[in-house]
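Analysis of the macromolecular model
One-letter residues, chain by chain:
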Amino acid sequence: MKNNNYQTCLKTFAECYKSLGGKESNVSLEFKFERMISHDENNEFESILSWYKEQCSKCNMKIDIIPLKDCREWDFDESTGSYVHSSGEFFRVDGLRVSNTATREVTGGWDQPILTQAGYDGGILGLLRQRINGVPHYLVEAKAEPGNYNLVQISTTVQATFSNLKRAHKGNATPYAEYFLDTDKMGAKVLFDEWMSEDGGRLYNKRNRSMIVELPESIYLDVVSERYRWVTLYQLIQLIATQDAIVAPHIRGILAGI
């Protein structure tokens, strides 16, 4: 059943905004509207927190700090002096010598290791959007990464490097990647598509392609795992504002763009 109150309020908001001289597109206006007002009729916020905590408790990924020389499939490349993966994909560890640093704290320059993504372009960070009863929702994943604070964070629908999308890891395909790689074929529409930079103190010239893709409400989408859950934009904003370090930076970057 459609949420008529949502549509009515959205129309009123858009008319008021445009009467004040606003010239943004309807898509951009709706993004603004979504993040301002809760249309959560079932008080799902606590349920989302419970889901996140449950996914954390179910995650059995184990992390051990080991010597760099013991990393399987990784070794020093004698020709470059970098630390690389046997496939030539993913990233490498390079050394940098930084000079002319009068504007920085260390004015005499410094040397440091840095991570360089193969091809510099990291991958796709994508949120899949679909209306549920007329209200836009976003499919997020409680994703485990070895370096995450608390191991599991709420992340985008797709968080994958191009090396992963090519399955250079020889592992499983990335769920839902086809909606971002072949959007038209999947019957979806791109709402946001921008390259965004990464931390230049640790990553060399890296950027990621950040996307929001909308699937029509009439198309059925199978949620492939309980790690995934639909949330509203307002709920995402509240999670970032009220919870400590449980929302991944990739989502925060996308939200900053809309």
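Residues numbered from 1 in each chain as written. Predicted model: local features only at pLDDT ≥ 70, side-chain atom pairs only at ≥ 80, totals over all residues. Heavy atoms only, no water.

What about the packing of helix H3 (residues 45-58) against helix H6 (residues 233-242)?
Between H3 and H6, the least distance of the axes is 11 Å, while the angle of their chain directions is 65°. Taken together, the axis directions place H3 and H6 in an arrangement best described as roughly perpendicular. Read as a crossing pair, H3 and H6 show a hand that is right-handed. Note on element contacts: H6 touches H3 through Gln235, Gln238, Leu239 and Thr242, opposite Phe45, Ile48 and Leu49. Its residues placed into classes, the contact of H3 with H6 shows four nonpolar, three polar and no charged. (Axes fitted to C-alpha atoms, helices over the stretch in contact; angles between N-to-C directions. Helix = DSSP H or I, 4+ residues; strand = E, 2+ residues; numbered from the N terminus. Parallel < 35°, antiparallel > 145°, perpendicular 65-115°, else oblique. Left-handed = near helix turned anticlockwise from the far one by under 90°. Contact = heavy atoms within 4.5 Å. Nonpolar A, V, L, I, M, F, W, Y, C, P; charged D, E, K, R; others polar.)

Comments concerning the pattern of salt bridges
The tally for this structure, following the rule as stated, stands at 18 salt bridges. Ionic pairing is found between glutamate 24 and lysine 32, a salt bridge with its closest N-O pair at 2.9 Å. Residue glutamate 24 is classed as partly exposed on the basis of its relative accessible area of 27%. The closest approach of N and O atoms between lysine 69 and aspartate 70, which form a salt bridge, is 3.4 Å. The class of aspartate 70 is partly exposed, set by a relative accessible area of 43%. Three or more residues joined by partner-sharing salt bridges are found here, namely Glu30, Glu34, Arg129, Arg131 and Glu214. (Salt bridge = Lys/Arg side-chain N within 4 Å of Asp/Glu carboxyl O. Buried < 20%, exposed > 50% of the residue type's maximum accessible area, 1.4 Å probe, protein only.)

Some remarks on the packing of aromatic side chains
Going through the model one piece at a time under the given rule, you end up with ten aromatic pairs. When the centroid spacing of 5.6 Å and the interplanar angle of 40° are considered together, the rings of phenylalanine 13 and phenylalanine 33 count as tilted. Of the two residues, phenylalanine 13 sits in helix H1 (residues 4-19) while phenylalanine 33 sits in helix H2 (residues 26-36), which places them 20 residues apart along the sequence. Judged by its relative accessible area of 17%, phenylalanine 13 falls in the buried class. Among the aromatic residues, those joined into a cluster by ring pairs are Tyr6, Phe13, Tyr17 and Phe33. The ring of tryptophan 195 has arginine 207 sitting right over it, with the charged end atom 4.0 Å from the ring centre. (Phe/Tyr/Trp six-rings, centres within 6.5 Å; stacked < 30°, edge-to-face > 60°. Lys NZ or Arg CZ within 6 Å of the ring centre and 35° of its normal.)

Things to note about the environment of leucine 236
Summarising the element assignment, leucine 236 is placed in helix H6. Each C-alpha atom of the pair leucine 236 and methionine 61 lies 25 Å from the other, and the pair is 175 residues apart in sequence.

Things to note about the packing of H1 against H2
Viewed as axis vectors pointing N to C, H1 and H2 meet at an angle of 115°, and their least axial separation amounts to 10 Å. Here H1 runs over H2; the crossing is right-handed. For the pair H1 and H2, contact is made by Tyr6, Cys9, Leu10, Phe13, Ala14, Tyr17 and Lys18 and by Asn26, Leu29, Glu30, Lys32, Phe33, Glu34 and Met36, respectively. Residue classes in the contact of H1 with H2 are distributed as nine nonpolar, one polar and four charged.

Regarding the pairing of strand E8 (residues 158-161)
Residues Val158 and Ala160 line one face of E8 and the alternating positions Gln159 and Thr161 line the opposite face, and both faces are buried. Sheet analysis places strand E5 (residues 121-132) next to E8, joined by four bridges and oriented antiparallel. Looking at E8, one finds that glycine 126 is bridged to valine 158. (Pairing = 2+ DSSP bridges.)

Focus on the nonpolar core
Core analysis: the largest hydrophobic core is formed by 25 residues, its most contacted members being Val140, Ile154, Ile212 and Leu239. Going through the elements one at a time, H3, strand E6 (135-144), strand E7 (152-155), strand E9 (189-197), H6 and helix H7 (249-257) are the ones with two or more residues in this core. Ranked by residue count, the leading element in this core is H3, at five residues. Apart from the residues lying within four places of it in its own chain, the contact partners of isoleucine 212 are Phe31, Leu127, Arg129, Tyr138, Lys189, Val190, Leu191, Phe192, Ile254 and Ile258. (Core = buried A, V, L, I, M, F, W, Y, C linked by side-chain atoms within 4.5 Å.)

Re H7
For H7, the full list of buried residues reads His250, Ile251, Ile254 and Leu255. Taken around the axis of H7, the buried residues stretch over an arc of 135°, which confines them to a single face. (Arc of directions from axis to C-beta.)

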